[in-house]
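# Structural description and commentary
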Amino acid sequence: MASYQVYYFPAKGRAETIRLVLEAAGVPYENKYPADWAAEKSSLPFGQLPALVITDDKTKQTTTLAQSAAIVRYLAHKYNLVAADPLDAALGDSVFESISDVTNAIIKVVFRTPDAEKPAAIEQFKNETLPPFVKAHTALLEKNGNKGIYFGNKITYVELAVFNAIESLNKLVPDAITPTTAPALWKVHEFVANHDKIKAYLASPRLHSR
Ligand SMILES: N[C@@H](CCC(=O)N[C@@H](CS)C(=O)NCC(=O)O)C(=O)O
C-alpha cells in the first residue's frame, strides 16, 4: 500500500486531473502546497509542480514523481482507469495529448499574450483552434455510440481529463464548449459529473475553487 500527496499550488491547474483520477478510484490523498516555493523548487525532479509524493506504507520510502501526464497515467494504470485493450488505451492517450495541446494553446493566449493582442488571439482560438478540436472529438465519440466515453464502455482517465479541460476552457473562454456547440463533448462532461465518486468530490470541500 502507498500513501499519496498531490503536491501543487492551491489551485486546480495541472494537478486537477491527478486529483480526479484519485477521486474516481476512491483512493485517499492529501494536498501538499509549497510553503516557500523558491526554496522547494530545486528539490523537485524537474523544478516544477505538480508532483506526486508516493510513500510506501511499509518501508516509509518516498518517491517523488513529476510531470502531470506521467502521474495521471501511473495512477490510471494502477487503479484500472485505462481501457483494457492496448490499442484503445493508446487511442485514449492520443485523446489526452490532444487535450494537452488545446489547453496549452489557451494558456498561451490568455496568460502569455500582451493585453492589446488578447481579444484577437481569443477570437482566433475560437475560430481556428476550437472547431477542428471539437470536430475530431465528436467523430471519435460518435464512433463509440455517442455515450460520453471515447473507447469501450468504461470510464478512463481520458474522460476525467476531458471533463477537466472543458471546465478550464469554459472558465477562460466563456461558452467554449456547451451542450449546443459541442453536444458529444458535453456528454463526456455530464457522464463524468454524474459519476458517483466525482459527483461527491465536486460537492466536497476538497475541490479547489480556482
Ligand atoms: N510539463 C509539466 C509542466 C509543469 C508546469 O508548467 N508547472 C508550473 C505550474 S502549472 C510550475 O511549476 N511553475 C512554477 C515554476 O516553473 O517555477 C507538467 O505537465 O507537469
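Residues numbered from 1 in each chain as written. Predicted model: local features only at pLDDT ≥ 70, side-chain atom pairs only at ≥ 80, totals over all residues. Heavy atoms only, no water.

An unreviewed UniProt entry annotates the chain as Glutathione S-transferase of Allomyces macrogynus.

### Overview of the site of the ligand
In the vicinity of the ligand, the residues found are Y8, F9, R14, W37, K41, Q48, L49, P50, Q67 and S68. In the environment of the ligand, an oxygen atom lies 3.1 Å from a nitrogen or oxygen atom belonging to the side chain of W37. In the model, an oxygen atom of the ligand is placed 3.1 Å from a nitrogen or oxygen of the Q48 side chain. In isolation the ligand offers 510 Å² of accessible surface; the protein chains occlude 70% of this area. Taken together, the residues that form the shell around the ligand break down as 5 nonpolar, 3 polar and 2 charged. (Near = heavy atom within 4 Å. Polar contact = N/O pair within 3.5 Å; in protein donor to acceptor, adjacent residues only side chain to side chain. Areas by Shrake-Rupley, 256 points an atom, 1.4 Å probe, with all protein chains shown as cover. Nonpolar A, V, L, I, M, F, W, Y, C, P; charged D, E, K, R; others polar.)

### What to know about the pairing of strand β1 (residues 2-7)
For β1 and strand β3 (residues 51-56), the ladder comprises 6 bridges, and the chain directions are antiparallel. Paired with V6 across the strands is L52, a residue of β3. In this sheet, strand β2 (residues 30-32) lies alongside β1 in parallel orientation, the contact comprising 3 bridges. Each bridged residue has a counterpart across the sheet, and for V6 the counterpart in β2 is N31. Taken together, β1, helix α1 (residues 16-25) and β2 constitute a β-α-β crossover, and its handedness is right-handed. (Pairing = 2+ DSSP bridges. Helix = DSSP H or I, 4+ residues; strand = E, 2+ residues; numbered from the N terminus. Right-handed = clockwise from strand over helix to strand, strands pointing away.)

### A look at unusual backbone geometry
The step from L49 to P50 runs through a cis peptide bond, and the omega angle for that step is 10°. Here P50 shows up in the loop between α2 (37-40) and β3. At K60, a position not held by glycine, the phi torsion is positive, near 70°. Following the sequence through the fold, K60 ends up in the loop between β3 and β4 (62-66). Although it is not a glycine, Q67 sits at a positive phi angle of roughly 75°.

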